[in-house]
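Structural features, examined
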Amino acid sequence: MSYGMLIDVTLCIGCKGCQIACKQWNDLPAEKTAFNADWSNPPELTARTWKRVGHHLVQKGGKLLWRFVPLACMHCNEPACEAACFVHAFYKTPEGPVLYKENLCVGCRYCMVACPFGVPKFEWDKTFPLVLKCRMCFERIAEGQQPSCATACPTGATLFGRRDELLAEARNRINANPDKYVPHIYGEKEAGGTSVLYLSDVPFHELGFKTVERGEIPAEPIPSFSDRIVRWTLPVAATWTAVLGGLYWYTKRRAEVEESMKRHNSPQNKGEGSQND
Ligand code: SF4
Ligand code: SF4
């Protein structure tokens, strides 16, 4: 059974209860941070802050409104971090969370480059650093509990449940309130689908999300995308090698012919020729 979370941005009041609950449950230390230009704090996810609430000032119906967006790992259905990790430190569980085996990690940070959502963070200040991110409180899920962020949310903005049921709930909310919500469940298709889903009353790009419509993220899983690149890379590389080899042979042969003609037409050769006449 695959679980996920439905985050309804229209219900979030930006209290940061989820951000604090995440810190508490995962025993993440406080860190010195600075306010972002949008007054969110910290300005981005870090190795010690696995969930943060982003702030966005948006225009709706001629009014300026604040929208608050809890952000963490999306727990992709086919994670790019897992595909990029050659020692298989990252892996997708059948229950939904994407987890990390720290004893396997060699610190190459390919996962950080591969993740389309900029989620995994490196412990730059540690002698033996790890790559850290939200784990959807998998140990709580295993005990039949909800992730700590979902239990802390006072407004129900973060809902935990089976992904298929959350999708149905999201569709129901959109159908029941077509004037309120944009008809888009973020995470249903993005990067091949994610366990974390979002609903909003303003277009997602206004909340800083990369969207398929704007060509910022593919609708297909990124691992299949990179597989295709690898599949194409080998034949293209082989063809290019053959072309370069052919050019090299042609250039070399031409130089040899020119050299031979020069030798044949040299005065010395001509002289030798006239002596023989
Ligand atoms: S959001 Fe990034 S870190 Fe999280 S599962 Fe997807 S690719 Fe991996
Ligand atoms: S706890 Fe709920 S209302 Fe508060 S910031 Fe998190 S999602 Fe928003």
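One structure accompanies this document, and this report is about it. Small disclaimer: the values here were computed from a predicted structure and weren't measured.

The space that makes up the largest pocket amounts to roughly 380 Å³. Residue lining of the largest pocket: 19 residues in total, with Leu45, Arg52, Leu71, Phe117 and Gly208 positioned closest to the centre. Its residues assigned to classes, the lining of the largest pocket shows 11 nonpolar, 3 polar and 5 charged. Counted as a void, the second largest pocket has a volume near 160 Å³. Around the second largest pocket sit Arg171, Ile174, Asn175, Pro183, His184, Ile185, Glu188, Lys189, Glu190, Val212 and Glu213, which together line it.

Taken together, 14 residues lie near ligand 1, and Cys73, Met74, Cys76, Cys81 and Cys115 sit nearest. Counting atoms within 2 Å of the grid points, the majority share of ligand 1 lands in the second largest cavity. When its residues are assigned to classes, the shell around ligand 1 shows 12 nonpolar, 1 polar and 1 charged. There are two domains that each give the shell around ligand 1 at least three residues, and those are domain 1 (3-76 + 136-220) and domain 2 (80-122).

Scoring rules and cut-offs
- Residues numbered from 1 in each chain as written.
- Chains lettered and ligands numbered in written order.
- Predicted model: local features only at pLDDT ≥ 70, side-chain atom pairs only at ≥ 80, totals over all residues.
- Heavy atoms only, no water.
- 1 Å grid on protein atoms, 1.4 Å probe; cavity = no way out; pocket = protein on both sides within 12 Å on 5 of 7 lines; lining within 4 Å.
- Points joined across faces, edges and corners; volume = space filled by probe spheres on them.
- Nonpolar A, V, L, I, M, F, W, Y, C, P; charged D, E, K, R; others polar.
- Near = heavy atom within 4 Å.
- Sits in = over half its atoms within 2 Å of the grid points.
- Domains from an automatic or database assignment.

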